[in-house]
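Now for the letters of each chain:
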Amino acid sequence: MLIPSIDLKGGQVVQLIQGEQPALATDDIELWISRFKGFPHVQLIDLDAAMDTGTNDSLLRRVASVLPCRVGGGIRTIDRAREVLEYGAEAVIIGSSLFKEGKPNIDFATTLASTIGRHRIIAAVDSKGGRVVIKGWTEATSLTAIDAVRALEPFCGEFLYTHVDKEGLMEGTDLDAIMTVKQATARRVTAAGGITTQTEIDRLHEEGIDAVVGMAIYTGRLDIDAQKTRYLTD
């Protein structure tokens, strides 16, 4: 299944290359809300919150109130997770706060799962150069993605694996790396990072893996209307 992505920064919908270089930006949030209606899931990320440079809460509320969103970006406390869920989010995507001093933060993960429910937690495992990266992909740990999913599996309902090395480059993703993560956990896996073609989406779907796509949609490389038609007619 394709999951469209909405990334927010500075009150706009944006797409970044490698999480840093701006590729496009638009103020027309309503356009993308209308275009993504009908998809079973939409990924909504507050990049400002992730980088601790502010929030886009008004946009989070707007989008999460009308689309079936899984929301991430800067969710570092249980109170913030609850707040985002109250906006209408179906689940929260938690990344950096699940790690502490370069290791899985089991205490926080345990408390979070017991408070909001494991089924509402998507653990984000971002990999760059073969190691898990946190804090907006700026800090590397010594952990591999496999280490992370094995440690965090008891505390989440799903994993979001992002292959950062391919993010935003429109050159395709690393299917082998994604499959390695899939094989390491009994939880559902959603993949992100450079997914560009229908062939990749179909291959992942065959393995029970959902595909988060951003840049290929916003640049027109993938026809979002055709994608929507597929889901509505399946």
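Residues numbered from 1 in each chain as written. Predicted model: local features only at pLDDT ≥ 70, side-chain atom pairs only at ≥ 80, totals over all residues. Heavy atoms only, no water.

A. Main features of the packing of aromatic side chains. Scanning the entire structure with this criterion turns up 4 aromatic pairs. A centroid spacing of 4.4 Å and a plane angle of 50° characterise the contact between Trp32 and Tyr218, whose relative ring orientation is tilted. Here the residue Trp32 occupies a position in helix α1 (residues 29–36), and Tyr218 occupies one in helix α9 (residues 215–218), the gap between them amounting to 186 residues. By the burial criterion, Trp32 is buried, and Tyr218 matches it. (Phe/Tyr/Trp six-rings, centres within 6.5 Å; stacked < 30°, edge-to-face > 60°. Helix = DSSP H or I, 4+ residues; strand = E, 2+ residues; numbered from the N terminus. Buried < 20%, exposed > 50% of the residue type's maximum accessible area, 1.4 Å probe, protein only.)

B. Summary view of helix α4 (residues 78–86). For α4, the set of buried residues is Ile78, Arg80, Ala81, Val84 and Leu85. All buried residues of α4 project into a common sector of 160° when viewed along the axis, lining one side. Along α4, the residues that are exposed and aim more than 90 degrees away from the buried face are Asp79 and Glu86. Contacts made by the buried residues of α4 are with α3 (57–64), β5 (69–72), β6 (91–94) and α5 (106–116). Gly88 occupies a position one or two residues after α4 and carries a positive phi of about 120°. (Arc of directions from axis to C-beta. Contact = heavy atoms within 4.5 Å.)

C. The arrangement of unusual backbone geometry in detail. Although it is not a glycine, Trp137 adopts a positive phi angle of roughly 70°. Tracing the backbone through its elements, the reader meets Trp137 in the loop between β10 (131–134) and β11 (139–140). Residue classification places Trp137 among the partly exposed residues on the basis of a relative accessible area of 22%. A positive phi angle, near 60°, is found at Met170, a position not held by glycine. With respect to the helices and strands, the residue Met170 is situated in the loop between β12 (158–163) and α7 (175–183). Judged by its relative accessible area of 24%, Met170 is partly exposed.

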